[in-house]
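Survey of secondary and tertiary structure
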Amino acid sequence: MTGKPYGDSTNSTSSAPEDSSLKSPAGSKYPASDVSRPDSPGGSTLQASEKSHTHSPAEEEVDALEKAALKDSIGKVCMIFIALLAFGLPLVIKSPTWLHIIILIYFYAYLTSSWNMVGGFAGVLPLGHAIFIGIGAYSSTILFLQYGVSPWLGMLVGGMLSVFVGILIGLPTFKMRGAYFALATIAFAEGFRVMVENIDYLGPLQINGPRGLQIPPLDIGLVNFMFTRKEPYYYIILIMLIAVLALTWAISRSKLGYYLNAGGEEPEAAMALGINVSRAKLVAMAMSSFLTALAGTFYAQFSLFIHPRSIISLDVSFEIAFIALIGGRGSIAGPVLGALLLRPVSDFSRIYFGDVLPGFHLIIYGVVLILVMIYQPRGIQEPLTRFYHIMADKQADRMRANRLESGVMKKEGSQ
Amino acid sequence: MKILEVNNLTMRFGGLTAVDSLNLSIEKGEILGLIGPNGAGKSTAFNCIAGVYTPTEGEVRFDGQITKREKPWDLCKRGLARTFQIVKPFASKSVLYNVMVGAFATTDKRAEAEEKAINVLKTLNFEDKKDFRSGDLTIADRKRLEIARALATEPSLLLLDEVMAGLRPGEVDEMVEIIRFLRDQGVTIFVIEHIMRAIMALSDRIVVIHFGKKIAQGTPREVAADENVIKAYLGGEYGVS
């Protein structure tokens, strides 16, 4: 079987096995020429249609299929490696400070991935997602403090509440475009913050206004979502991040993902193709607000103290948008890459410049954003993805070359 | 059997009457041309039929059912597809992705949508460009993509809004072939076009509108000889001399 594409490369229609045994030196030549085949600028999607002169279309297809399968397994190996790395990290890194920084990286990657369902796929720019973090955090915290409900349940309650609020916000605002939508979402989030800051009691619920709520760390344990060490938080947010990435991946390949992308890019054309654009956006908004609220509960349990200025602030909303824009809106890897790049900048600038230049990280964000928008308008995920594909292509070719050679050797040995 | 009936259709924007009591109908399997000078109201009429605008007066019947209050996506699901005069590809996505968006109108499964999209691309001789970024296509290919996308929704009536504008003569001929081929496949076609050579060759019947009003209709030959049509296109003086 392995002899077949090789025999094809000599462009003869005679039986492949004979051919390969006769001209075995060419066996190493063929893959070499394959490696030097120029990688198309458009990345992986174009390579299959590229014609190389020594192959007929059918042979080209077999080649491409085999290569795609190899690349697929390379991708899987990479994923498993990254997953092992992520799960093993706390075994190596013991410092709570470092773990804290990494947890916040995952936290923001998670938030941005949730945001991405609306801000990336649906092509609008929501700048008020902090409202959902706030709803999530306050729901679970109030339920826990006043009614003793496990934060895990409170998390779901907050999620549902967020869905409701998200749809209420989405209904009027999705009719707006561009900056108007962004401004409207800011208005909702800020309005919510001011309300929370000025309400001490909402009926029987103690909100505590600007003083916020503190969760006394009395009953430590999984049921109460409270731990003394950082590791459990690390694994919880890691699993949440993996889940949201998997969901994003599934959506991007589903009908909903196609509809969101189409509606975001050309709403009129999308409508003419049978897409109820506003409804698709509302569905995305519902999912996004639900997932964002879960992160709110996580943050509340992680810091055990929430107050409106820290959790419903515009800073958080903007940081999510920064990470998404720099990492790459509408891509799956973008939010993770953006968080990996920006969160350390924020943390270290706070550690080293916090006293002298507070807010210095925002200046750095701005500079990075300008540079990225000029040189990589689709975010840093694009050059990195391209680089990955080039490397994977090379690796696939190398692996196939080895396989072909060993196939030839086997045949020679048997004759 | 009439697939589309337009009765007394009027569309006003403030004081401007863009379409004025327009009547027309299309038989199943027909190619109907709609022509008229710039600003005659052709695209507005299309938008009313496709559900983008709700007409001020009058009614549109598609497949025997009045379309009032139906949105473009509802009509698309019922078998009415359209292209846009100003092409609107999902520019950052591949050709295949674009066509799959259309194919999702009739299926929820990704694999099925992909298969349908590939079939459409094959019938339009477009398959070799399926992995191209649609924003990088030439204008001729973008127009073809508009048709491919619309076709992927499996329409019974296809509204083509100036799909030949901006094409070279050779490309126009190719497009005429494509449209004829679609008709042979059983798709009824309603086409707006400026290129006279193409629309004369293509249409079974032609409706001419001017300032929103229908001024003539008939076979291409009849319309071309019509005095009102000549006046509308060339100005009143030519009719006299």
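Residues numbered from 1 in each chain as written. Chains lettered and ligands numbered in written order. Predicted model: local features only at pLDDT ≥ 70, side-chain atom pairs only at ≥ 80, totals over all residues.

A closer look at the sheet that holds strand E1 (residues 2-13) of chain B
So the rule is basically this: Two strands are said to pair when DSSP picks up at least two bridges between them. In this text, helices come from DSSP runs of H or I with a minimum length of four residues, and strands from runs of E with a minimum of two, each type numbered from the N-terminal end.
One open sheet holds the four strands; their spatial order is E2-E1-E4-E5 (chain B), and the pairing between them is antiparallel. The open sheet has two edge strands with one neighbour each: strand E2 (16-27) and strand E5 (65-66) of chain B.

Considering helix H8 (residues 151-173) of chain A
Residues and elements named next belong to chain A. Note the following rule: A helix is expected to span 1.5 Å multiplied by its residue count minus one. Backbone-placed C-beta atoms define the burial measure: a residue is buried with 20 or more other C-beta atoms within 10 Å of its own, exposed with 12 or fewer, and partly exposed in between. Once C-beta atoms are placed from the backbone, any two residues with those atoms within 7 Å are in contact.
Taking 1.5 Å per residue, 23 residues should reach 33 Å; H8 reaches 31 Å between its end C-alpha atoms and fits that length. Regarding H8, the residues found buried are Pro151, Gly154, Met155, Gly158, Gly159, Ser162, Val163, Gly166, Ile169, Gly170 and Thr173. Buried residues along H8 sit against helix H7 (130-147), helix H9 (178-198) and helix H13 (277-303).

As for the sheet that holds strand E8 (residues 188-192) of chain B
All names here are of chain B. Which entries qualify depends on this criterion: Each axis is a line fitted through C-alpha atoms, taken for helices only over the stretch in contact, and angles between the N-to-C directions span 0 to 180 degrees.
The six strands are arranged E6-E7-E8-E3-E9-E10 in an open sheet whose pairing can be described as mixed. Two strands close off the open sheet at either side, each with one partner strand: strand E6 (80-82) and strand E10 (213-218). In this sheet, adjacent strand axes meet at a mean angle of 20° when their direction is disregarded. Note: strand E9 (residues 205-210) against E10, five bridges, orientation antiparallel. When the sheet's bridge partners are listed, valine 207 is paired in E10 with glutamine 217. Helix-sheet contacts for helix H1 (residues 42-49) involve strand E3 (31-35), E6, strand E7 (157-161), E8 and E9, and the interaxial angle to E7 is about 150°.

Quick look at the confidence of the model for chain B
Residues and elements named next belong to chain B. For the record, the criterion: Think of pLDDT as the predictor's per-residue confidence, scored from 0 to 100.
Per-residue pLDDT for chain B has a mean of 89; in total, 98% of the residues score no lower than 70. At the level of individual helices and strands, chain B shows its lowest average pLDDT in helix H10 (residues 236-240), which scores 54, and its highest in helix H3 (residues 95-103), which scores 95. Confidence estimates for the predicted assembly give a pTM of 0.83 and an ipTM of 0.89.

Considerations on the packing of H3 of chain B against helix H4 (residues 110-123) of chain B
Residues and elements named next belong to chain B. Threshold: Reported orientations rely on four angle classes, namely roughly parallel under 35 degrees, roughly antiparallel over 145, roughly perpendicular from 65 to 115, and oblique for the rest. Throughout, a crossing is termed right-handed when the near helix is turned clockwise from the far one, and left-handed when it is turned anticlockwise from it by less than a right angle. As a working rule, the residues Ala, Val, Leu, Ile, Met, Phe, Trp, Tyr, Cys and Pro are called nonpolar, Asp, Glu, Lys and Arg charged, and the rest polar, with Gly in that last group.
Running from N to C, H3 and H4 cross one another at 115°; their axes reach a closest spacing of 8 Å. Considered as vectors, H3 and H4 are oriented roughly perpendicular to each other. Of the two elements, H3 crosses H4, and the hand of that crossing is right-handed. Along its contact with H3, which presents Leu96, Val99, Met100 and Ala103, the element H4 presents Ala113, Glu114, Lys116, Ala117, Val120 and Leu121. Counted by class, the contact of H3 with H4 contains eight nonpolar, no polar and two charged residues.

A word on the confidence of the model for chain A
Per-residue confidence for chain A averages 83 on the pLDDT scale, and 84% of its residues sit at or above 70. The low-confidence segment residues 1-53 of chain A, where pLDDT is below 50, has 69 contacts with residues more than four positions distant or belonging to other chains.

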